[in-house]
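In case you want the letters, here they are:
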Amino acid sequence: MSVAEARTLSVRNPRTGAVDFTFEAASAAEIQAKAQALRQAQKGWSARPLSERIEVMRRWSASLKRHAAEIGAADGADTGGCHTSQFTAFINAASIDGWCDDVTDILERNLVDGRSLVMPEVEIRSQLVPYPLVGVISPWNAPMMLSLIDAIPALLAGSAILLKPSEVSPRFVAPLMKTVREVPELAAVFDVVLGDGVTGQEVISNVDLICFTGSVATGRKVAEACGRRLIPAFLELGGKDPVIVTATADIDRATTSVLRGGVYATGQVCYSIERVYVHESIHDEFVAELVRKAEEVMLNDQDPLNGHIGPFIFAPQAEIVARHLDDAVTRGARILTGGKPMEIGGGQYMRPTVLTDVNHDMLIMREETFGPTLPVMKYRDIEEAIELANDTIYGLNAAVIAGSEEEALPIAERLNAGGVSIQDTFLTFAKLRKIGTHSFGVSGIGGSRTGPESIMRFLRRKALMTNHGAPASITQSRPADVAAAAPSTR
Ligand code: NAD
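Residues numbered from 1 in each chain as written. Predicted model: local features only at pLDDT ≥ 70, side-chain atom pairs only at ≥ 80, totals over all residues. Heavy atoms only, no water.

Draft legend 1. Layout of the sheet that holds strand S4 (residues 122-130). The strand order across the open sheet built from 3 strands is S3-S4-S20, with neighbouring strands paired in antiparallel fashion. Strands at the two margins of the open sheet, each flanked by one partner only, are strand S3 (113-115) and strand S20 (459-467). Here the strands of the sheet are splayed against their neighbours by 25 degrees on average, with no regard to which way each runs. Across 3 bridges, S3 lies against S4 in antiparallel orientation. Looking at S4, one finds that Arg-115 is bridged to Glu-123. (Pairing = 2+ DSSP bridges. Helix = DSSP H or I, 4+ residues; strand = E, 2+ residues; numbered from the N terminus. Axes fitted to C-alpha atoms, helices over the stretch in contact; angles between N-to-C directions.)

What follows is the structure in structure tokens.
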């Protein structure tokens, strides 16, 4: 398939299964033209004082809030109407506002000014120079939030953005671009191309840096393409997040947090809890309570806003989840509640599903499932629990729930993951703008998207060095002069 061809792509509605949305995938010429226009506009954007970029971004935030209902409806149509859709505009507006509050101090902290340590006559100043055009390639889960999470700091850094959202969930783009057009200075440096993986590859050919969120398999292709062009690639990929529940944990607290962490948004969250390790002494009581609570969860099949979890956004995901469950049952797992995906009104739904008698030979304990499944495995001692939790190729997030924070903390410190929730699950959002973290294993590469330093991904630091002394002469300087100028090692 060539990107040069005009292609019409069809989009399935996750609630009805009907194809009720189509769009034209961007051609190579369109992508190149947009990239060129963005590059041109970026020069003026980055030349503006930061205070002006902040003022523009604040107007965008206000525009997002004005269009919150429309954005919520489109995001709901893309995703099947889970609750988060209704907050989408506000979540993104809050991200913009927070960055606008913090960015001046963050960038100032990253400027270096002063005398050289090794050549005291040399004064050093630093300059932060944005990558001109940042490409953002985003997935179908939380489509708008994951399209803007990197774009917001990149814009404040002075870059322009070319966004390529998922072909599975493109409905949010029209209301999003309405908000962008209300802020003309922003509209010059933020544009979108619709399309699939072929389009994504063409975007990579036209930008200076890529922020990609998606699966490990696609992440590899993106990294290869960026490697060929020698442009930076920041990859946020899949996970298989574990939780360890110790013998002293409060069962009520542990089951409430494990259930939410596993089934929120039908498990279609990169940092969903996908493996549960429970001490053998409380295993049966924990499982009984988890099953009881899981059975209280309601599907939203009758009304998108009434119910706790929605349909699968991407129908093939339901097949992956069913395959993992079949594999587990064939290998001896027992499903205690829930079961396979089922079709309701054309949508693919699934009840929270709790399994026991699982082990690490099963796909459900090894590969990303991305569904509302909670496989629970017993452990004998904490060394075994840590070994099991770390027995994975992934390392996005993890969680520990114990009788006290003092007990949980040393366990958390030994888990290979970029973030560990303690005494709860799903605390990943707490990191935003506060602390940058790294993914372990195949869950991602590149600098963090969460901490204050995440904006530095979009800035190249340049050193401006002035010699206030006499220039060194090639004919008069001797080795002894160099030795005298060198810093003491004593
Ligand atoms: P995906 O990898 O199938 O697609 C992601 C994006 O890449 C889409 O826009 C797609 O069109 C594009 N794409 C596909 N092939 C491409 C190619 N060859 N070159 C360039 N672009 C290409 O992912 P998905 O199924 O949309 O999303 C679900 C995955 O995303 C899960 O694995 C989930 O864990 C992961 N995810 C990770 C995070 C994180 O922050 N770590 C967050 C959300 C989702």
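On we go from here.
Draft legend 2. Seen up close, helix H2 (residues 50-66). Over its 17 residues, H2 runs 25 Å from end to end, which matches the ideal 24 Å to within 8%, given 1.5 Å per residue. Considered for burial, the residues of H2 that qualify are Leu-50, Arg-53, Ile-54, Val-56, Met-57, Trp-60, Ser-61, Ser-63 and Leu-64. (Expected span 1.5 Å × (residues − 1). Buried < 20%, exposed > 50% of the residue type's maximum accessible area, 1.4 Å probe, protein only.)

Draft legend 3. Spatial organisation of the pairing of strand S9 (residues 233-236). Side chains Ala-233 and Leu-235 of S9 all project onto a buried face; the interleaved residues Phe-234 and Glu-236 project onto the opposite face, where all are buried too. Pairing between strand S8 (residues 209-213) and S9: 4 bridges, direction parallel. Its bridge partner being in S9, Phe-212 is matched across the sheet by Leu-235. After leaving S8, the chain enters helix H10 (residues 216-229) and then returns to the sheet as S9, a path that is right-handed. In this sheet, strand S19 (residues 444-445) lies alongside S9 in antiparallel orientation, the contact comprising 2 bridges. Across the sheet, residue Leu-235 finds its bridge partner in S19, namely Ile-445. (Right-handed = clockwise from strand over helix to strand, strands pointing away.)

Draft legend 4. Seen up close, a nonpolar patch on the surface. A contiguous nonpolar patch, built from Leu-117, Val-118 and Met-119 and spanning about 360 Å² of accessible area, is present on the exposed surface. Position of Met-119 among the secondary structure elements: in the loop between S3 and S4. We classify Met-119 as exposed; its relative accessible area is 54%. (Patch = residues over 30% accessible without salt bridge, like charges linked within 9 Å, V, L, I, M, F, W, Y side chains within 5 Å. Areas by Shrake-Rupley, 256 points an atom, 1.4 Å probe, with all protein chains shown as cover. Salt bridge = Lys/Arg side-chain N within 4 Å of Asp/Glu carboxyl O.)

Draft legend 5. The arrangement of the domain arrangement of the protein in detail. In terms of domains, the protein is made up of domain 1 (8-237 + 443-465) and domain 2 (241-430). Inter-centroid distance (C-alpha atoms) of domain 1 to domain 2 is 31 Å. Between domain 1 and domain 2, a total of about 2000 Å² is buried, with carbon and sulfur atoms accounting for 57% of that surface. Counting across the domain 1 and domain 2 interface gives 0 salt bridges. (Domains from an automatic or database assignment. Buried area = accessible area lost by both parts, 1.4 Å probe.)

Draft legend 6. Structural context of the site of the ligand. In the region of the ligand, 29 residues are neighbours, and Lys-164, Glu-167, Ser-215, Leu-237 and Glu-368 sit closest. A distance of 2.9 Å separates an oxygen atom of the ligand from a polar side-chain atom of Trp-140. At 2.6 Å, a side-chain N or O of Glu-368 approaches an oxygen atom of the ligand. Coverage of the ligand by the protein amounts to 89% of the 850 Å² it exposes when considered alone. Per-class residue counts for the shell around the ligand are 11 nonpolar, 11 polar and 7 charged. Counting contributing residues per domain, the shell around the ligand is built from domain 1 (8-237 + 443-465) and domain 2 (241-430), each supplying no fewer than three. (Near = heavy atom within 4 Å. Polar contact = N/O pair within 3.5 Å; in protein donor to acceptor, adjacent residues only side chain to side chain. Nonpolar A, V, L, I, M, F, W, Y, C, P; charged D, E, K, R; others polar.)

Draft legend 7. Spatial organisation of the packing of helix H9 (residues 197-206) against H10. One can describe the packing of H9 onto H10 by two numbers: an axis separation of 10 Å at closest approach and a directional angle of 25 degrees. By the angle between their axes, H9 is roughly parallel relative to H10. Relative to H10, the crossing made by H9 is right-handed. In this structure, H9 contributes Gln-201, Ile-204, Ser-205 and Asn-206 to the contact, and H10 contributes Lys-221, Val-222, Ala-225, Cys-226, Arg-228 and Arg-229. Across the contact of H9 with H10, the residue classes tally to 4 nonpolar, 3 polar and 3 charged. (Parallel < 35°, antiparallel > 145°, perpendicular 65-115°, else oblique. Left-handed = near helix turned anticlockwise from the far one by under 90°. Contact = heavy atoms within 4.5 Å.)

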